[in-house]
Amino acid sequence: MAVFLLSPANCGGNRARIVMSERATFDLATRLRSTTGAPLGEVFAFLSGLYFRGKLAYGRAFACPPDGAELEANGVFVITPNAGLRSPDTTVTLDAIRAFARVDVSVDNPKYRRPLERSARALAAEIGDCPVVLLGSIASPKYVDVLLSIFGERLLFPQEFVGRGDMSRGGLLLRCAAAREELTYVPVAGAVRHGARPPKLDPATRVKF
């Protein structure tokens with residue numbers, strides 16, 4: 001039993017500028033410019049690439065919210081820069097992505113922190129003592145300081161993340177989702193947040209989603 005929180009994609013990077021360009025003609029860009037929009041998870045997967053695709057695939061493979069919890073995201077939530085926790089199926093438009101890009105994801109920024117606090121408290125009340133697994137960096141306070149104050153010892157992270165970069169984490173998560181092999185979760189509170197770099201992933205085990 002667990003729910004998953006996915007750290008956000010960078011909405012101010014090169015891939016964000018590509019998808020937000022008025023000259024972009026590929027499918028995702030045109031949908032974002034229309035009133036139809038596109039799913040948040042799909043947009044962040046484009047912006048972040050392998051890392052977010054891994055987080056999303058893994059979360060959907062292993063999320064198991066408690067019985068009776070009526071969660072719109074079925075146990076998987078995305079941290080957003082200005083709208084707290086949202087389902088990866090939430091429809092967003094170009095205006096929403098532009099608004100994300102204008103907000104600094106920092107624990108000191110109330111435009112980011114307050115919506116996250118509100119939605120995290122609502123989630124905590126809904127799921128009781130269910131574990132909450134953060135698929136994101138615990139080396140920075142921008143997620144940990146907010147979430148730890150609300151979920152306490154229930155806030156966990158994959159032990160195998162320590163020492164890995166984003167690309168390695170993404171590849172590991174995709175492999176685990178495909179093999180249905182869950183990682184080892186440990187409490188964020190008191191955890192070793194930095195460590196030696198583990199061996200590189202075997203290219204022969206690479207999977208695609």
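The rules behind the values
- Every residue gets a number counted from 1 within its own chain, in the order that chain's sequence is written.
- Under the rules for a predicted model, residues below a pLDDT of 70 receive no local features and side-chain atom pairs below 80 are neither given nor counted, while totals for whole chains, interfaces and linings still include all residues.
- Side-chain numbers come from the whole structure's heavy atoms, not from hydrogens or water.
- Numbering goes from the N terminus for both helices and strands, where a helix is a DSSP run of H or I of at least four residues and a strand is a run of E of at least two.
- In this scheme, a residue with accessible area under 20% of its type's maximum is buried, one over 50% is exposed, and one in between is partly exposed, where area comes from a 1.4 Å probe on protein chains only.
- By the convention used here, residues are in contact when the closest approach between their heavy atoms is within 4.5 Å.
- Surface accessibility follows the Shrake-Rupley procedure with a 1.4 Å probe radius. Residue values consider only the protein chains on display as shielding.
- For this analysis, a ring pair means two rings from Phe, Tyr or Trp (six-membered ring only for Trp) whose centres lie within 6.5 Å, classed as stacked if their planes differ by under 30 degrees, edge-to-face if by over 60, and tilted for the remaining angles.
- Here, a salt bridge means any side-chain nitrogen of Lys or Arg that lies within 4 Å of a carboxyl oxygen of Asp or Glu.
- Should DSSP find at least two bridges between two strands, the strands are taken to pair.
- Only the stretch in contact is used when a helix axis is fitted, and all axes are lines through C-alpha atoms; the angle between N-to-C directions ranges over 0 to 180 degrees.

(A) Highlighting the overall build of the chain. The helix and strand inventory of the chain stands at eight helices and eight strands. Taken across its 209 residues, the chain has 51% of its residues classed as buried. Intrachain contacts of the chain at a sequence separation of at least 6 include 75% that bridge at least 24 residues. Here the chain has roughly 10100 Å² of accessible surface; of this, 49% comes from carbon and sulfur atoms.

(B) Expanded view of the packing of aromatic side chains. Counting across every chain of the model gives six aromatic pairs. Taking the centre distance of 6.1 Å and the plane angle of 75 degrees together, the rings of Phe4 and Tyr185 count as edge-to-face. Of the two residues, Phe4 sits in strand β1 (residues 3-6) while Tyr185 sits in strand β8 (residues 185-187), which places them 181 residues apart along the sequence. Linked through ring pairs, Phe4, Tyr58, Phe62 and Tyr185 together constitute an aromatic cluster.

(C) Structural view of the pattern of salt bridges. Under the defined criterion, the tally for this structure stands at seven salt bridges. The closest approach of N and O atoms between Arg31 and Glu42, which form a salt bridge, is 2.4 Å. Pair noted here: Arg31 is in helix α2 (residues 27-33) and Glu42 is in helix α3 (residues 40-48), with a separation of 11 residues, a long-range link. Among the ionic contacts, a cluster of salt bridges with common partners joins Glu22, Arg33, Asp95 and Arg98.

(D) Fine view of the pairing of β1. Residues Val3 and Leu5 of β1 are buried on one face, and the alternating residues Phe4 and Leu6, pointing to the opposite face, are buried as well. One ladder, built from four bridges, connects β1 with strand β6 (residues 132-135); its direction is parallel. Counterpart to Leu6 in the pairing with β6 is Leu135.

(E) Region of the structure containing the side chain of Ser106. Inspection of the secondary structure assignment puts Ser106 in the loop between α5 (94-101) and α6 (110-127). The exposure class of Ser106 is buried, given its relative accessible area of 18%. Setting aside anything within four residues of it in sequence, one finds Ser106 in contact with Tyr112 and Lys142.

(F) Broad picture of the sheet that holds β1. Here we have six strands laid out as an open sheet, ordered β4-β3-β1-β6-β7-β8, and mixed in their pairing. Each edge of the open sheet carries a strand with a single partner, namely β4 (85-86) and β8. On the sheet, helix α4 (residues 50-62) packs against β1, β3 (76-79), β6 and β8 and is oriented at approximately 170 degrees with respect to β1.

Keep in mind that these numbers describe shape and distance, not what the molecule does.
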